[in-house]
Amino acid sequence: ARQAPLDLRVETYAGRWQTLERLTTAQIIHTLRELGAYTRANEHHTVETLMARAGIQPGYRRLIVRWLTRLTREGLLRPGAGDTYVSVNPLPQPELGARWGDARAALHDLPGLLAYLERCAGRLMSVLTGRESPLETLFPAGSFESAEYLYQTWALPRYFNAIVRATLEAIVRSAPADSVLRVLEVGAGTGGTTASLLPVLPAHRTEYWYSDVSEVFLSRAREKFKAYSFVRYGRLDMEHDPVAQGYARHGFDVLVAANVFHATRDLGSTLARARQLLAPGGCLVMYEVTEEPVWFEMSIGLIEGWQRFDDDLRTDIPVLTPDQWKAALASHGFVAAETLPEAGAPTEILCHHIV
């Protein structure tokens, strides 16, 4: 965790995130103006009346709350009676062109991220109103290129996937030389993390289960990882009993989950199922967002998995902080937990951790 790819340039991220925060605020204002909201001073809306007026899908309620809360912090709205948000003045022209210019300069070396954000902005209205699936922003016309950039090739995921890889290498070294290491990756998706792990596993004594809820991902993975004969593929939904889906109770030494668990409805139940899958002494390795970057409010935050949580561990966003993860794991039977990068590390600004 103290070694980063040379092209990560972690010192640039404070400026990048500030630029994207200004862009996101401008995009929110632009979208609300397009929806005909807050065009007059002293205009009152609750979240519900605003969504009904604009035809916004019910699943985006939490997102709209975050939008209105953001504009309240900016002084553009104020709390009104009950649950209303009131415009101080008509929402201003957001200088969207200038904000995009700033973003293109800040992300000049991250073309995949910039292209993704531009695509999200272009489809924001149609996604919010249900005319288009948010998955089209990640997989435009069925292409995996953007998702693989965001989860595999960008320096940010390469940094975190390298920590997962080092963790797995340490587990391999510590295991008896004649033992078979049984690894289950849940929600493996495009295989961004998998690609970092398979090369360091001993083929003659590893069984690796690549699982996801989607046959599309499984079919593509079979081709992508065909050189690794020790990989098996199967459907698995962590929202349901894994044993009933054909996975052995306490049958795995390592469980890997990259940005998966936050997308489940009840995190406590998911952790209980994870423990059910792990053998005694087994290790759960998670790669998780631990703080919501503001730009998620116009991009990743549109995806269903960001909206569907419903448990007592989370309130307005689906992610947990490192300390909250440790507490949640302890309360669900895990005996020890570590999070990387360590507190105070420069890479904390990246808003992700390995747990």
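Above this text sits the structure in question.
(A) Main features of the environment of Phe 261. Mapped onto the elements of the fold, Phe 261 is located in the loop between β7 (252-258) and α12 (267-277). When the C-alpha positions of Phe 261 and Gly 191 are compared, they lie 16 Å apart, and in sequence the two are 70 residues distant. With sequence-adjacent residues up to four places away left out, Phe 261 is seen in contact with Val 186, Met 238, Leu 267, Thr 270, Leu 271, Ala 274, Leu 284, Met 286, Glu 288, Arg 314 and Trp 325.

(B) A look at the sheet that holds strand β1 (residues 44-45). Ordered in space as β1-β3-β2, the three strands form an open sheet in which the pairing is antiparallel. Edge positions in the sheet fall to β1 and β2 (77-79), since each of these pairs with one other strand and no more. In the sheet, β2 pairs with strand β3 (residues 85-87) via three bridges, with the strands oriented antiparallel. Bridge pairing in β3 places Arg 78 opposite Val 86. In the packing of helix α3 (residues 61-73) onto the sheet, contacts are made with β2 and β3, and the angle to β2 comes to roughly 105 degrees.

(C) Spatial organisation of the packing of aromatic side chains. Under the counting rule described, the total for this entry stands at 15 aromatic pairs. When the ring of Trp 209 is compared with that of Phe 252, the centres are 4.9 Å apart and the planes differ by 85 degrees; the resulting orientation is edge-to-face. Pair noted here: Trp 209 is in strand β5 (residues 206-212) and Phe 252 is in strand β7, with a separation of 43 residues, a long-range link. Overall, the relative accessible area of 3% leaves Phe 252 in the buried class. Relative to Phe 225, the ring of Tyr 210 has its centre 5.9 Å away and its plane inclined at 50 degrees; by these criteria the two rings are tilted. Of this pair, Tyr 210 sits in strand β5 while Phe 225 is found in the loop between α11 (215-224) and β6 (231-235), placing the two residues 15 residues apart along the sequence. Using a relative accessible area of 4% as the deciding quantity, one classes Phe 225 as buried. Clustering of aromatic rings is evident, with ring pairs tying together Tyr 13, Trp 17, Trp 295, Phe 296 and Trp 306.

(D) Expanded view of the side chain of Glu 43. Topologically, Glu 43 is positioned in the loop between α1 (13-34) and β1. Take Glu 43: its relative accessible area is 2%, and that puts it in the buried class. A distance of 2.9 Å separates a polar side-chain atom of Glu 43 from the backbone nitrogen of Tyr 38. Among the polar contacts listed, one links the side chain of Glu 43 to the backbone nitrogen of Thr 39, at a separation of 2.9 Å. The contacts of Glu 43, once residues within four sequence positions are left out, are Gly 36, Ala 37, Tyr 38, Arg 53, Tyr 85, Val 86 and Ser 87.

(E) The state of the cysteines, seen in detail. Per the stated rule, a full pass over the model turns up zero disulfides. Here Cys 351 stays free of any disulfide, with the sulfur of Cys 120 as its closest cysteine sulfur at 17 Å. Using a relative accessible area of 5% as the deciding quantity, one classes Cys 351 as buried.

(F) Here's a closer look at empty space enclosed by the protein. What the rule picks out here adds up to one cavity of 30 Å³ or more. Quantified by volume, the largest cavity comes out at close to 30 Å³. If you trace the largest cavity, you find it lined by Gly 189, Thr 190, Tyr 210, Phe 217, Arg 220, Ala 221, Lys 224 and Phe 225. In terms of residue count, α11 provides more of the lining of the largest cavity than any other element does, four residues in total. When grouped by side-chain class, the residues that make up the lining of the largest cavity number four nonpolar, two polar and two charged.

(G) Here's a closer look at the packing of helix α8 (residues 145-153) against helix α9 (residues 155-174). Packing of α8 against α9 brings their axes to within 5 Å, and their N-to-C directions diverge by 45 degrees. One way to sum up the angle between α8 and α9 is to call them oblique. When α8 is examined against α9, the residues Tyr 149, Leu 150, Tyr 151, Gln 152 and Thr 153 are found in contact with a partner set consisting of Ala 155, Pro 157, Arg 158 and Asn 161. For the contact of α8 with α9, the residue count by class is five nonpolar, three polar and one charged.

Conventions used here
Residues numbered from 1 in each chain as written. Predicted model: local features only at pLDDT ≥ 70, side-chain atom pairs only at ≥ 80, totals over all residues. Heavy atoms only, no water. Helix = DSSP H or I, 4+ residues; strand = E, 2+ residues; numbered from the N terminus. Contact = heavy atoms within 4.5 Å. Pairing = 2+ DSSP bridges. Axes fitted to C-alpha atoms, helices over the stretch in contact; angles between N-to-C directions. Phe/Tyr/Trp six-rings, centres within 6.5 Å; stacked < 30°, edge-to-face > 60°. Buried < 20%, exposed > 50% of the residue type's maximum accessible area, 1.4 Å probe, protein only. Polar contact = N/O pair within 3.5 Å; in protein donor to acceptor, adjacent residues only side chain to side chain. Disulfide = S-S within 2.5 Å. 1 Å grid on protein atoms, 1.4 Å probe; cavity = no way out; pocket = protein on both sides within 12 Å on 5 of 7 lines; lining within 4 Å. Points joined across faces, edges and corners; volume = space filled by probe spheres on them. Nonpolar A, V, L, I, M, F, W, Y, C, P; charged D, E, K, R; others polar. Parallel < 35°, antiparallel > 145°, perpendicular 65-115°, else oblique.

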